[in-house]
Amino acid sequence: MHHFDPSKEIQDYSVFGEYGGVNPSITDSSTYTFLSPEKMKELFDHEIEGCFLYSRHWNPTNKHLAEALALLEDSEAAIVASSGMAAISASILQICSAGDEIISGRTIYGGTYALLKNFLPKLGIRTKFVDIKNTDEVRKHITDKTKIIYCEAVSNPLLEVANIPALSQVAKEYNLKLMVDNTFSPISITPVHNGADIVIHSITKFINGTSDCVAGCVCSTQEFISQLTDINTGASMLLGPVLDSFRAASILKNMHTLHIRIKKHSYNAMYIAENMEKAGCKVFYPGLPSHNGYELMNKIMNNGFGYGGMLAVDAGTVEKADSLMKKMQDEKVGYLAVSLGYFKTLFSSPGHSTSSEIPKEEQKAMGLSEGLVRISIGLDNNIEETFGRMKKCLTDVGLCK
Ligand code: PLP
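In this text the structure is predicted, and so the values were computed from the model without any measurement.

Chemist: Requested: an account of the site of the ligand, with residues and values cited.
Modeler: For the ligand, the set of nearby residues contains 14 residues, the closest of which are Met85, Asp181, Ser202, Thr204 and Lys205. Gly84 places a polar main-chain atom, nitrogen or oxygen, 2.9 Å from an oxygen atom of the ligand. Here Asp181 contributes a side-chain N or O atom positioned 2.6 Å from a nitrogen atom of the ligand. Contact with the protein chains removes 91% of the 390 Å² of surface that the ligand exposes when unbound. Spatially, the ligand is embedded in the second largest pocket. Residue contributions to the shell around the ligand peak at three residues, all from helix α4 (residues 84–95). When grouped by side-chain class, the residues that make up the shell around the ligand number six nonpolar, five polar and three charged.

Right, here's the structure in full:
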């Protein structure tokens with residue numbers, strides 16, 4: 001258990017608006033003026049603190065959000081992107097060239113899986129998917145072409161916990177970059193403290209928390225962020241996944257309540273997970289001693305924010321999963337929708353949605369049952385009452401008595 005408090009870091013971060021506004025002013029320009037041609041040339045040569053060139057490179061609002069994200073992840077620096085996928089693809093393409101290899105956990109978000117499995121081979125970048133919990137298996141697949149070990153801190157959708165300290169050791173031994181997607185566990189886990197080199201987020205989820213935009217970020221060393229934004233060679237600069245400054249401003253404001261939301265998501269998810277398990281359901285939640293990542297999670301998590309807001313329940317069959325989700329929507333427990341980290345509970349069946357890119361036989365190998373229902377638990381004030389309605393749905397489909 002770590003005693004780092006990311007919320008304090010973000011809370012202490014203050015940037016005033018140009019008239020002393022308590023929020024920084026939003027910059028509404030794609031381009032920036034220079035007092036002299038010499039200064040413009042100088043900025044093209046290297047970054048100058050406080051000087052801006054063009055919004056695809058940097059703008060003040062995106063910089064404020066990036067600074068707050070670096071504080072959240074306790075990384076030297078960060079960059080924001082137009083989506084989580086943009087953050088992932090830009091980071092990978094910055095590191096890998098044709099012929100290079102990636103070793104990735106196989107229980108990852110389906111979009112990332114599809115990028116690694118279907119898209120990157122077109123560029124000559126190949127991925128070996130492994131059981132990331134098994135460090136020996138990771139080691140076995142390393143070749144002189146390997147550049148990245150990729151995993152999710154808490155994986156989608158089975159909530160497996162990656163042994164970031166052990167993976168970091170392997171990465172250091174072979175001079176690889178350990179890239180960790182921390183989308184499911186912001187504030188609860190600080191991957192950099194456990195040895196990650198690059199931390200990415202789909203901000204779309206918990207960090208923003210209002211399901212009104214798509215955004216992402218990369219948190220890493222100053223050196224890597226500077227590589228990404230390099231005018232001549234940076235994947236972020238040249239592929240152009242820029243986040244709009246108005247959206248960056250609204251995300252920064254939402255971030256100030258992240259710690260409160262995560263505590264409540266965690267409290268509610270723990271309550272639901274414990275009670276579902278007591279009622280006889282097969283539940284996956286890293287806060288339950290029955291979960292295979294429970295002990296590891298206790299070792300690597302920050303103290304005080306809980307085990308996060310995501311859980312999964314195995315309904316056994318597709319039919320039961322569909323019927324459970326329909327009933328939960330009818331009972332106003334939440335919405336049948338992909339995505340996560342909203343105030344409202346959201347649920348979906350990964351095999352038919354977010355993990356559908358993963359072939360059926362691989363889903364089976366990774367223990368992803370067809371009847372799995374992934375649930376992002378909301379911020380319900382009275383979770384005991386909500387569970388009453390959930391229990392009725394579970395009973396109706398025969399999952400508990
Ligand atoms: N990583 C994880 C764990 C996700 O769940 C998602 C989206 O569902 C992504 C990455 C991709 O993020 P985005 O949809 O913001 O591109």
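Moving on from the coordinates now.
Chemist: Could you give me a rundown of the packing of α4 against helix α8 (residues 222–229), with the residues and numbers involved?
Modeler: Running from N to C, α4 and α8 point in directions that differ by 95°, and their axes come no closer than 10 Å. On the basis of their axis angle, the class for α4 and α8 is roughly perpendicular. Contacts from Ala90, Ser91, Gln94 and Ile95 in α4 reach Phe224, Gln227 and Leu228 in α8.

Chemist: Got a sec to walk through unusual backbone geometry? Specific residues and values, please.
Modeler: Peptide bonds are, in most cases, trans, and in most cases residues other than glycine have a negative phi. Residues Asn156 and Pro157 are joined by a peptide bond in cis, for which omega reads 5°. By the secondary structure assignment, Pro157 is in the loop between β4 (146–152) and α7 (164–173). Look at Ile187: it is not a glycine, yet its phi comes out positive at around 75°. Tracing the chain through its elements places Ile187 in the loop between β5 (177–181) and β6 (198–202). For Ser211, which is not glycine, the phi dihedral falls at a positive 45°. Here Ser211 lies in the loop between β6 and β7 (216–220). Ser211 gets classed as partly exposed once you look at its relative accessible area, which sits at 38%.

Conventions used here
- Residues numbered from 1 in each chain as written.
- Predicted model: local features only at pLDDT ≥ 70, side-chain atom pairs only at ≥ 80, totals over all residues.
- Heavy atoms only, no water.
- Near = heavy atom within 4 Å.
- Polar contact = N/O pair within 3.5 Å; in protein donor to acceptor, adjacent residues only side chain to side chain.
- Areas by Shrake-Rupley, 256 points an atom, 1.4 Å probe, with all protein chains shown as cover.
- 1 Å grid on protein atoms, 1.4 Å probe; cavity = no way out; pocket = protein on both sides within 12 Å on 5 of 7 lines; lining within 4 Å.
- Sits in = over half its atoms within 2 Å of the grid points.
- Helix = DSSP H or I, 4+ residues; strand = E, 2+ residues; numbered from the N terminus.
- Nonpolar A, V, L, I, M, F, W, Y, C, P; charged D, E, K, R; others polar.
- Axes fitted to C-alpha atoms, helices over the stretch in contact; angles between N-to-C directions.
- Parallel < 35°, antiparallel > 145°, perpendicular 65-115°, else oblique.
- Contact = heavy atoms within 4.5 Å.
- Buried < 20%, exposed > 50% of the residue type's maximum accessible area, 1.4 Å probe, protein only.

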